Amino acid sequence: MAKNDYKIAVIPGDGTGPEVVAEGIKVLKAVSGPSKFNLDFTEYDLGGEHYKATGETLSDSSLESLGKADAIYLGAIGHPDVKPGILEKGILLKLRFSLDQYINLRPVKLYEGVDCPLKHKGPQDIDFVVIRENTEGLYAGAGGCLKKGTPDEVAIQESINTRKGVERCIRYAFEFCRKRNKAKQLTLCGKTNVLTYAFDLWERTFYEVAEEYPDIKTDYAHVDAICMWMVKNPEWFDVIVTDNMFGDIITDLGAMIQGGMGIAAGGNINPEGVSMFEPIGGSAPKYTGKQVINPLAAICAVHVMLETLGEKEAAGRIEQAVMKVVRDDLKSLSAGKMGYSTSEVGDLVIEAL
Ligand code: IPM
Ligand code: MN
């Protein structure tokens, strides 16, 4: 049988990004044994240091070459010396938008042995996926300001929602929910009682598309109520679909109930193009180079990558290995409290494979 070849573009990025990405690559290499698939890695030097040295965030030529990869593996973007917004907009959002990664997929799953801040909730209660629209909404950058710095200053930031953008995200969520084949319930998270233009479009599209998925139960909740239920009754959720801004917020809450940033990962997905996978925790500058940060989130990002590439068997093996390590080996998922160094945790996952 012919083996699949994948060109993986790697952006280690800032802070602890390179340390955790190194562990993810170790795991990828270990799982792609002789009978599996071939991987070819190309590293890109992007991030705060590169920006400080060159004044460049993401060049057209880097973007073009990243667009030819089969997947992108990103560590973290964010630097204490660079004003907030420059690297986020210039690298992370630019990649999401230019490569039309219109889905942000974030599994929220509590593994056995992981400390959960919710009393009386366990792994049987916390296992859902958030599908966040990833190219529109408040992130589109529409708006502007007038009379900046004066008492008459006006700041406007508009949410852009297109029928096409909303519909493709909702369709992806229905398909995903069907393939996941768990409770087969898709919840739309919105704010139809206040944002009566944007979420009217979302709601109408949601119920129109739902007609084509009679096997999926539909549900709606306002974003504020979703926050409440995620804490009180997380077992109610199977798949949640929502816009960019709400998705950003509720997935941080999701990360906390699954054990924190040490384990939370996600994918920026273009189902027809190049997708990018990342731990969602950020660059954690104060831990840089100390080998104390938890690489499991970056390793879980590799799990989401292989799932998305269709390498289900290898993806499953990584998840099983991570589950074993958190259940049997680590003292905690927090930086510095794991009982092991960053690279030792990577080694434990490889042993468990
Ligand atoms: C995330 C991050 C980004 C976002 C930031 C860094 C721009 O918080 O991936 O959730 O808001 O999307
Ligand atoms: Mn976020």
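Computed from a prediction, not measured in an experiment: that's the story for all the values here.

## Examining the packing of helix H5 (residues 163-180) against helix H6 (residues 198-210)
Here's step 1: Two numbers describe how H5 lies on H6: the axes approach to 9 Å, and their chain directions differ by 45°. Overall, the two elements H5 and H6 adopt an arrangement that is oblique. Our pair here, H5 against H6, has a crossing hand that is right-handed. Residues Arg-163, Val-166, Glu-167, Cys-169, Ile-170, Arg-171 and Phe-174 of H5 lie in contact with H6, whose contacting residues are Leu-201, Trp-202, Thr-205, Phe-206, Glu-208, Val-209 and Ala-210.
Here's step 2: Each residue belonging to the contact of H5 with H6 can be placed in one class, and the counts come to nine nonpolar, one polar and four charged.

## Concerning the nonpolar core
Here's step 1: In terms of nonpolar packing, the biggest core is built from 84 residues, with Ile-131, Val-241 and Leu-296 touching the most fellow members.
Here's step 2: At nine residues, helix H9 (residues 296-309) tops the list of elements feeding residues into this core.
Here's step 3: Contact partners of Val-241, with chain neighbours within four places excluded, come to Ile-131, Cys-169, Ile-170, Ala-173, Leu-186, Thr-187, Leu-188, Cys-189, Trp-202 and Phe-206.
Here's step 4: Counting residues in each nonpolar core, the second largest holds 19 residues, with Ala-9, Leu-66, Ala-69 and Ile-72 among its members.

## Some remarks on the domain arrangement of the protein
Here's step 1: On domain assignment, one finds that the protein holds domain 1 (1-107 + 264-353) and domain 2 (116-258).
Here's step 2: In this structure, domain 1 and domain 2 have C-alpha centres spaced 24 Å apart.
Here's step 3: Every contact between the two is made by 16 residues of domain 1 and, on the other side, 17 residues of domain 2.
Here's step 4: Carbon and sulfur atoms supply 57% of the area buried between domain 1 and domain 2, which totals about 1,600 Å² over both sides.
Here's step 5: Counting the surface domain 1 buries against domain 2, the share from its top three residues, Phe-97, Tyr-102 and Arg-106, is 36%.
Here's step 6: On the surface where domain 1 and domain 2 come into contact, there are one salt bridge.
Here's step 7: One salt bridge connects Asp-100 with Arg-168, and the closest N-O pair in it is separated by 2.9 Å.

Rules and cut-offs
- Residues numbered from 1 in each chain as written.
- Chains lettered and ligands numbered in written order.
- Predicted model: local features only at pLDDT ≥ 70, side-chain atom pairs only at ≥ 80, totals over all residues.
- Heavy atoms only, no water.
- Axes fitted to C-alpha atoms, helices over the stretch in contact; angles between N-to-C directions.
- Helix = DSSP H or I, 4+ residues; strand = E, 2+ residues; numbered from the N terminus.
- Parallel < 35°, antiparallel > 145°, perpendicular 65-115°, else oblique.
- Left-handed = near helix turned anticlockwise from the far one by under 90°.
- Contact = heavy atoms within 4.5 Å.
- Nonpolar A, V, L, I, M, F, W, Y, C, P; charged D, E, K, R; others polar.
- Core = buried A, V, L, I, M, F, W, Y, C linked by side-chain atoms within 4.5 Å.
- Buried < 20%, exposed > 50% of the residue type's maximum accessible area, 1.4 Å probe, protein only.
- Domains from an automatic or database assignment.
- Buried area = accessible area lost by both parts, 1.4 Å probe.
- Salt bridge = Lys/Arg side-chain N within 4 Å of Asp/Glu carboxyl O.

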